[in-house]
Amino acid sequence: VQLVESGGGLVQPGGSLRLSCAASGFTFSRYIMSWYRQAPGKERELVAAITSAGGITNYADSVKGRYTMSRDNAKNTEYLQMNSLKPEDTAVYYCKVRFNGMNYWGKGTLVTVSS
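This report concerns the structure included in the present document. Predicted model, so just to flag it, every value in this text is computed and none were measured.

1. Some details on the packing of aromatic side chains
(1) Moving on: In this structure the tally under the stated criterion is 7 aromatic pairs.
(2) Moving on: Ring-pair connections join several aromatic residues into one group, and the members of that group are Phe26, Phe28, Tyr31, Phe99 and Tyr104.
(3) Moving on: Positioned above the aromatic ring of Trp105 is the side chain of Arg44, whose terminal nitrogen or guanidinium carbon lies 4.5 Å from the ring centre.

Okay, structure coming up:
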């Protein structure tokens, strides 16, 4: 199983970024996928999750209305569109899949929201 995040960077408050997570090593279309983030000095937290077919998404209260998670099963890729970014959104963002009873994580992509 391999998960590779991309799309992070430095953005000003109010700006937008789109993260991607390319998956391989398992049948992507069969699994719930999720995004987590970990800010400096804080625990990793769930940001969003999406069902295998993409019909249902759930979001942390802190990002509802600003973030949109989606997936393209033909490309084995999930996305996180982040709008109206705030300084408190600064964190390393990870994608995760639970496969055969184990959690697999990517290495993360850093998002920094600062003026």
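2. A short note on the pattern of salt bridges
(1) Moving on: The full count for this structure, using the stated rule, is 4 salt bridges.
(2) Moving on: Residue Lys64 pairs with Asp61 through a salt bridge whose shortest N-O separation is 3.2 Å.
(3) Moving on: On the accessibility criterion, Asp61 (65% relative accessible area) is exposed.
(4) Moving on: A salt bridge links Asp89 to Arg66; the shortest N-O distance between them is 2.7 Å. You can see Asp89 sitting in the loop between strand E8 (77-82) and strand E9 (91-99) and its partner Arg66 sitting in the loop between strand E6 (57-59) and strand E7 (67-72), a full 23 residues away along the chain. Each member of the pair, Asp89 together with Arg66, is buried.
(5) Moving on: Each of the salt bridges in this network shares a partner with another, and the network as a whole consists of Arg37, Glu45, Arg66 and Asp89.

What counts and how
- Residues numbered from 1 in each chain as written.
- Predicted model: local features only at pLDDT ≥ 70, side-chain atom pairs only at ≥ 80, totals over all residues.
- Heavy atoms only, no water.
- Phe/Tyr/Trp six-rings, centres within 6.5 Å; stacked < 30°, edge-to-face > 60°.
- Lys NZ or Arg CZ within 6 Å of the ring centre and 35° of its normal.
- Salt bridge = Lys/Arg side-chain N within 4 Å of Asp/Glu carboxyl O.
- Buried < 20%, exposed > 50% of the residue type's maximum accessible area, 1.4 Å probe, protein only.
- Helix = DSSP H or I, 4+ residues; strand = E, 2+ residues; numbered from the N terminus.

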